[in-house]
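Residue-level structure breakdown
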Amino acid sequence: MTPRNRLCNIVLDSCCDLPREIFDSLGVGLLQFPFTMDDGERFDDLGLSMSPHAFYDRLRKGERASTSQIPYSMLLDAFEKAAAEPLPTVFLAFSSGLSSTFGMMLQILEETRRKYPESEIYVVDTLLASVAEGFLVWEAVRQAERGLSARELVSWVEEARWFVNPYFTLPDLETLRCGGRIPDVAALVGGKLDIKPILSFDLTGHLAFHGAVRGRKKAVKQLVQLYLERSSDDRPGTVLLASADAPKELKDIEEQLLRGIPGLAPTIYSMSVGPVIGAHTGPDLLALVFWGRDRRQDLSLTDRIANAVSGRKASADQTESRRDV
């Protein structure tokens, strides 16, 4: 890692799906998630050993891919190295709602705390995945460059994650059916009606069903409309577009965004969904991520009250688990 005059080191995981050239410019550490294909297990190195197009091309030809959590030994080694660093280290992690890796990181943090009581390490759940996670952690690194301490960076991420507005669509309902999120009959009927789901993440970091439209073109329009309705008041801002190897449709989203926004256009970055998330979504996912409305405000009043009550204990537990050591 390269601190570059920061007050802390930062470690990301490969589910952030940042392009390798962007990641290499950040001066941060990387934890690689494994995935397995017909030729054996690989580790997600952000496209160095296998391009996104090559990965999705293999899926289109009928090959299957599976994923697993980051090995315990790899995480332990990362925490040992962090404990030896003179600066504090902040691990920004893939959503606990989608992987058990975060829970294992907390266990290792406790072990590290006992072994190295003078070290200072934090583990933060982004509650996001793929390019939505990447959107958040990329800005978090920039905030660290501006001089935030490790504690301040943790607080920044824990608040900023609610203002990341991620929306994506899939070409069909089959992935949701295979993941047990909708019944077989719903996928069958949806397929016949050409239903395209619009998805996001809930406040616990799980996949959330936002809505559905008929037809891919309407799905693209819906993504653009969500940006127009929910983007922050300080437009033009930054927009991240991503696909699972669907570059032409990604370009279409960009063109529709630019047509729909009067005046100064946002800064738009295009990226690819990596193999760990892509193993579960398949090809042709489309995503749009931007800074927007506080997603906590989307809850009903009664849900907000329930979250506030239950969140008091959860917040205290999380603070204890990430406390510097």
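Keep in mind that what you see is a predicted model, and the values were worked out from it rather than measured. (Residues numbered from 1 in each chain as written. Predicted model: local features only at pLDDT ≥ 70, side-chain atom pairs only at ≥ 80, totals over all residues. Heavy atoms only, no water.)

**Comments concerning the sheet that holds strand β6 (residues 89-93)**
Spatially, four strands are ordered β2-β1-β6-β7 in an open sheet, and the strand pairing comes out parallel. Looking along the sheet, the strands with just one partner apiece sit at the ends: β2 (29-31) and β7 (121-125). Taking each pair of neighbouring strands and ignoring which way they run, the sheet shows an average axis angle of 20°. The sheet contact formed by strand β1 (residues 9-13) and β2 spans three bridges and is parallel. Note on β2: the bridge partner recorded for V11 is G29. (Pairing = 2+ DSSP bridges. Helix = DSSP H or I, 4+ residues; strand = E, 2+ residues; numbered from the N terminus. Axes fitted to C-alpha atoms, helices over the stretch in contact; angles between N-to-C directions.)

**Remarks on the packing of helix α9 (residues 216-230) against helix α10 (residues 247-260)**
Any two packed helices are characterised by how steeply their axes cross, that is the angle between the axes, and by the distance between the axes. Relative to each other, α9 and α10 sit at 45°, their axes nearing to 10 Å. Here α9 is positioned oblique relative to α10, judged by the angle of their axes. Two packed elements cross with a definite hand, and for α9 against α10 that hand is right-handed. Residues R216, V220, K221, L223, V224, Y227 and L228 of α9 touch α10, and the partners they reach there are E249, D252, I253, Q256, L257 and G260. Residue composition of the contact of α9 with α10, by class: seven nonpolar, two polar and four charged. (Parallel < 35°, antiparallel > 145°, perpendicular 65-115°, else oblique. Left-handed = near helix turned anticlockwise from the far one by under 90°. Contact = heavy atoms within 4.5 Å. Nonpolar A, V, L, I, M, F, W, Y, C, P; charged D, E, K, R; others polar.)

**Quick word on the sheet that holds strand β12 (residues 267-272)**
As a general point, the strands of a sheet are linked pairwise by backbone hydrogen bonds and lie either parallel or antiparallel. With mixed pairing, six strands are arranged side by side in an open sheet as β10-β9-β8-β13-β11-β12. The strands lining the two open edges of the sheet, one partner per strand, are β10 (207-214) and β12. Across the sheet, the mean angle from the axis of one strand to that of its neighbour is 20°, orientation sign disregarded. Inspection of the sheet shows strand β11 (residues 238-243) paired to strand β13 (residues 286-291) by five bridges, in the antiparallel sense. Pairing of A242 across the sheet is with A287, part of β13.

Note that all results are geometric; they support no functional claim without further evidence.
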